[in-house]
Structure formats: C-alpha cells, structure tokens
Amino acid sequence: MSEAAAGTGAKARSAGSAAPAAAAALELRGLQKSYVRGKPVLRAIDLSIAGTGLTAIIGPSGTGKSTLIRCVNRLVEPSGGQVLLDGEDLTALRGRSLRLARRRIGMVFQEYNLVERLTVIENLLCGRLGHVGALRAWLRRFPPADIDRAFELLDAVGLADFAKTRADALSGGQRQRVGIARALMQQPRLLLADEPTSSLDPKTSVEVMELMRGLCAQRGIPVIVNMHDVELARRFAARIIGMSGGRVVFDGPATALTDEHLKQIYGGEGWLA
Amino acid sequence: MNEALAGGGSSGKPVPGSRRAFEPDWLARLGWLAAILYVVYAASLLDFTWARFVTGLEQAARFFDRMFPPDFSRWEAVLKGLKESLEIAVLASVGGILLSLPIGFLAARNLMPAWVNWPARAVIALCRTFHPVIVAIIFVKAVGFGALAGILALVIASVGFIAKLFAEAIEEISLKQVEAVRATGASFMNVIAFGVLPQVAARFIGFSTYQFDSNVRNSTMVGIVGAGGIGAPLFVAFQRFDYDVVCAILIAIVAVVFLCEILSNQVKRVFGEAVQDGREPRRG
C-alpha cells in the first residue's frame, strides 16, 4: 500500500527494516509523564526509532500521543525516564544546551502554528532562529546561505510565488507546507509531526503526507507522525506504533496491523466497517 | 438510565417546563439592585432643580456673548504656548513609548515569572494611580516650573496607559505560535522577536498613537499648574475675564488637536492597519 503513495523521488525504506536498528536516532527509555500526580498519561514508554523512514503513532484521543512527541523536544517536561537523541540524554539538558538540542529536532503542528502576521519567507527563516543571534534576528539580517535555502525549500514545497505573502492569507494545505518547510530549515536530525493532517481535507492530507515523506526521505531524516487516521497511517508509514491508555500496545510494520490490533488500540468494534 | 435523566417525573418523560436551562443568579441580581439604588441616592444629593438649570442657561449665554468675537491680538503668546505644548506632547509620547515597551513585556504574566511581572505591574499601577495634573504638580515641586515637569508628568501617564494595555495584549497572544518558534531552538530574545512581537506590534502602535492624541490634549492642561505649555496663558485669560482671548486660545487648541488626530490616523494607516487588514485568517 505504501508503494502506491511513494510520490516524490526517493522512496521510504521498506517496512521490513522497521524493527529497531542498531543505530537508533531516537531512543525512549521508560519515558513517563503525568500532568496530575497519580494520573500518568505516559506509562514507561520504551521505543527505538531508526535513522530513516516514517513511523506513525496511532491511538485514541487523550492517550498521550501528543504528550509523547512533545516530551522528545521538551515542549512538555517528562516526569521520568530518558530521551536519547543520537545517544545524548535530552531530559537532563537546561538552558542553552536544551536549545541546541531543539535545533536538531524539527516539528510540524496540527494547527500549523505559523506566525500569522509574518510573511511566508519570514516563517521559514524562523527555522534558523536557533542559529542566529538576537541582533541579527531583530534586524532580520539572516545569513545569505539561510535565505538561499529558504527559497529552495519554498520551491520544493511548491510555494515559490508566496514568499512575501502573509501566513494568514494562506489556505490550510499551503500553511502546512510552510510548516514542513520551516521544520526542514533547521536541517533537523529528526522530524516530529503532531497530527499534521487533522485540520486538512482528505485530498490535501495525502498531498501533505506525500510531501513530508518525500522531502524527509531525500534528506535522510526520520519522521515520527501522530495521526488518528488509520488508513493514512497504513498508507504512509513503514512502522506503526499503536498506543492505548499511555502504553504501547502495537509496534510493527504497517502490513501487520490487523482489525484485532485496532480493537485493542481503540476499544470496541462497532466502528470497524 | 431513562429514570436518571427524567428529572423527577416518574413517567420517564419530564414534565414540560420543569427543567431549567439557566439557574437564577441571586448574587448578580443583588449586585445590580445595589448599583441602581446607589445611582438614585447619588442623584438625589445633586440638588438639581429646573430653576437652577434656567439660571445656568442665562449665564452660559452671557459667557458665550463675551467670548465672541475671539481676540487673536496676542497670537504670538498663543503660538509660543502651543509650540511648547506640542513639544511636551511629542517628547512625553516618545519617552512613554520607549519605556512602555520593556515594562509591558515584563508585566505580561504569560511570558514572565511572578517575581518579574509583579514589580512591573506595580510600577504600572503606580503610574495609573494619579491624574496627570496631580503628577504634574508633584513634578513642578520637584524640577521647578516649565515644560520639563509637564513632560515627566505625561511620560508617567503614557507608561500607565500603553504599558498596561500592551501587557494585556501580550497576555492574549496565541501561544501556539510561540511554541512553534521555541521548538526551533530559538533563544528567548528571538522568540520575542519572531513569536511575540509580530502578534502585538499593530496593537502597540494603536495604543501609542491613541496615547499621543491624549498627550496632546493633556499637554494643554498641565500648564494650569505651571508645568509648561498653552495652559498657563489660558488660565490667566480666564482669571482676567478676557473671555475673547480664552475663545481664541480654545480655537487654536481645537485646531492643533484636530491636526494631531489626522496625523495619528495616518500613522495608524501606515503601520497599524496594514498589519491589521489580514485579521480574518482564511481557513482552507
């Protein structure tokens, strides 16, 4: 199924190698999070994400998918456990070293989270803010190499004509393309995507997923995507992780995901066609 | 299940009209009643009668009669006073705006920890406590008669207004946009520059131009207590019963205030509206 959607250039690697490889880009060890004491949202998650390919996390609302993703770049503070990016434990980092770690992790958001009143090109250059000093940022004096890369990425996501358009004048699909380009401006080691297609129509969703998978495969960036559209996950992900009640209840290649697993993940069965 | 939803009716179906969509709020009703009672009581203290109103009309007529035609013979003094008033307004606005930017940021509760935003908010509250004329009196005592006292008084007033509204505008921003900028590894100052300022810049300019208008009006008044500007000649003319001179000064003030409003509208159009016209985001 993933074959059919391999749209742009280099194809995601086969589902067969989805099992944790020796050179894992990201490793979660016993990751825990509870917002309220005694009510854990994540219960000791152990995961290993390989250096390439697209991994989808599926599961019912409120089961901790977003929390899991946000614990990786510490937008949410984990309550326990470790997050290892290329072997470095991110949970121990503070201040500047945390910012340096965040630079290596791109993120795409459900509601795009573009800075609405800035132009598209300014939004892209936001991706370089971890590398640019405050004075340069305030004066909008970005290094020429960053500006060139921004225009290249704008071409790559098909928005070359919109560089000077303000973000709030774009459609949802266009916004998410900008969101992806902004994340890739960081030249990240890892891309996180939190429900990137949930605010989009089905056709645009497929286009955005194709774009994201294609661009990241070209650049050798592993992607972790939260989704609640199981079909979309099957179509684009090599590996699927099913979560329920703050635990991983399924972890395997997309082809191995059966209705039995879905019942286990989402509960009930009346909703299965 | 049905029983639980029926709300009293044993038949399983609730009696029409027996369920309430809105609970009566007795505390709110009591508050409204108290407010109305106080307004009636306060009005009863005014000793307002028809006879008084009629006498007042006659006096007003005589007053207006003596105001016209306006006497522009002392136009040089008027012009000098107006020039000084404008200087007070412009310098106070510049100073107030420059101070308001950092103070407003420090006072925003969603960006700053409590130990920072509390002192900042205390400064703003202090700036707002007294009317500009009272502050002007204090500054006249402190730095002597003249425009400096007026400028300082209006700087205080500007900080009280702009910084307060600016802090509130920052507290209303979308944190999603800020989160996205933080996620790129941006430093705090860069998050401010790209995640926060773009969201509030247009409103900051709006508050600033509004306060400039306000400063122009107030700068004509601080002179009454000796803090410089057109207020002093106006007050003197009043006390000498030179109502035709008063009228001339008032006309001059109206003209200046009008011109400044036009100017600030232009400023808003150039910096503010251009940023604001895309307020309704298109959703696709």
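Residues numbered from 1 in each chain as written. Chains lettered and ligands numbered in written order. Predicted model: local features only at pLDDT ≥ 70, side-chain atom pairs only at ≥ 80, totals over all residues.

**Topic: the overall build of chain B**
Quick note on the threshold: By the criteria applied, helices consist of DSSP H or I runs no shorter than four residues and strands consist of E runs no shorter than two, each listed in order from the N terminus. Partly exposed residues are those whose C-beta has more than 12 but fewer than 20 other C-beta atoms within 10 Å; 20 or more makes a residue buried and 12 or fewer makes it exposed, with C-beta atoms placed from the backbone. For every residue pair, C-beta atoms are placed from the backbone, and the pair is scored as a contact if these atoms sit within 7 Å.
Each helix and strand counted, chain B has 11 helices and zero strands in total. Along chain B, helices and strands appear, N-terminal first, in the series α-α-α-α-α-α-α-α-α-α-α. Each of the three principal axes of chain B carries a C-alpha extent, and together these read 90 × 65 × 40 Å. Residues classed as buried in chain B amount to 35% of the 284 residues present. Taking as baseline every contact in chain B between residues at least 6 positions apart, the subset at least 24 positions apart corresponds to 70%.

**What about the environment of A:V157?**
Residues and elements named next belong to chain A. Note that V157 resides in the loop between α5 (144–156) and α6 (172–185). As for V157 and R177, which are separated by 20 residues in sequence, their C-alpha atoms are 6.0 Å apart. Every residue in contact with V157, bar those within four places of it in the chain, is listed here: R177, I180, A181 and L211.

**Some words on the nonpolar core**
What counts is decided by this rule: Put simply, a nonpolar core is buried Ala, Val, Leu, Ile, Met, Phe, Trp, Tyr and Cys residues tied into one set by C-beta atoms within 7 Å.
Counting residues in hydrophobic clusters, the biggest one holds 144 residues, and the most contacted among them are A:A56, A:L124, B:A153, B:F194 and B:I249. Counting residues per element, this core draws most heavily on helix α7 (residues 147–171) of chain B, which supplies 16 residues. Excluding residues within four positions of it along the chain, B:F194 makes contact with A:V115, A:L118, A:C126, A:L129, A:A137, B:V181 and B:A186.

**Thoughts on the environment of B:I88**
Residues and elements named next belong to chain B. Tracing the sequence through the fold places I88 in helix α4 (residues 75–107). In sequence terms I88 and R203 are 115 residues apart; their C-alpha atoms lie 24 Å from each other. Ignoring any residue separated from it by four or fewer positions in sequence, one finds I88 in contact with A147, G150, I151, L154, S219, G228 and G229.

**Some details on the packing of helix α5 (residues 114–129) of chain B against α7(B)**
Residue and element names in this part refer to chain B. For clarity, the cut-off: Whenever a helix is involved, its axis is fitted only over the stretch in contact; in every case the axis is a line through C-alpha atoms, and angles between N-to-C directions fall within 0 to 180 degrees. Note on angle classes: values under 35 degrees are labelled roughly parallel, values over 145 roughly antiparallel, values of 65 to 115 roughly perpendicular, and the remainder oblique. Throughout, a crossing is termed right-handed when the near helix is turned clockwise from the far one, and left-handed when it is turned anticlockwise from it by less than a right angle. Under this grouping Gly is polar, as are all residues other than the nonpolar Ala, Val, Leu, Ile, Met, Phe, Trp, Tyr, Cys and Pro and the charged Asp, Glu, Lys and Arg.
Where α5 meets α7, the closest approach of the two axes is 8 Å, and the angle between their N-to-C directions is 130°. In terms of axis orientation, α5 runs oblique to α7. Two packed elements cross with a definite hand, and for α5 against α7 that hand is left-handed. For the pair α5 and α7, the contacting residues are I124, C127 and R128 in the first and I156, V159, G160, A163 and K164 in the second. Split into classes, the residues belonging to the contact of α5 with α7 amount to five nonpolar, one polar and two charged.

**A few points about the domain arrangement of chain B**
Interface extent is often summarised as the accessible area lost during association of the parts. Just so we agree on the cut-off: Throughout the structure description, domain borders are defined by an automatic or database domain assignment.
Domain parsing of chain B yields domain 1 (26–64) and domain 2 (70–276). Computed from C-alpha atoms alone, the centre-to-centre distance between domain 1 of chain B and domain 2 of chain B is 33 Å.

**Here we look at the sheet that holds strand β9 (residues 239–244) of chain A**
Residues and elements named next belong to chain A. Going by this rule: Here, any two strands with at least 2 DSSP bridges between them count as paired.
Within the open sheet, the six strands sit side by side as β6-β7-β8-β3-β9-β10. Their pairing is mixed. This sheet does not close on itself; its edge strands, each paired only once, are β6 (105–108) and β10 (247–253). Taken over all neighbouring pairs, the strand axes of this sheet differ in orientation by 20° on average, direction set aside. Where β6 lies against strand β7 (residues 190–194), four bridges are found, and the strand directions are parallel. If you follow G106 over to β7, its bridge partner there is L191.

**Details of the interface of chain A and chain B**
Taken residue by residue, the interface counts 30 residues in chain A and 24 residues in chain B. Among the secondary structure elements, those contributing two or more residues to the side of chain A that touches chain B are α2 (95–103), α4 (134–138) and α6 of chain A.

**Describing the sheet that holds strand β1 (residues 24–33) of chain A**
Whether parallel or antiparallel, the strands of a sheet pair through hydrogen bonds between backbone atoms. Residues and elements named next belong to chain A. One open sheet accounts for four strands, arranged β2-β1-β4-β5; its pairing is antiparallel. In this open sheet, the two strands that pair with only one neighbour each are β2 (42–50) and β5 (88–89). Pairing of strand β4 (residues 80–85) with β5, which is carried by two bridges, proceeds in the antiparallel orientation. The residue bridging L85 from the neighbouring strand is E88, located in β5. Sitting on the sheet, helix α1 (residues 65–72) touches β1, β2 and β4, and the angle it makes with β1 is about 120°.

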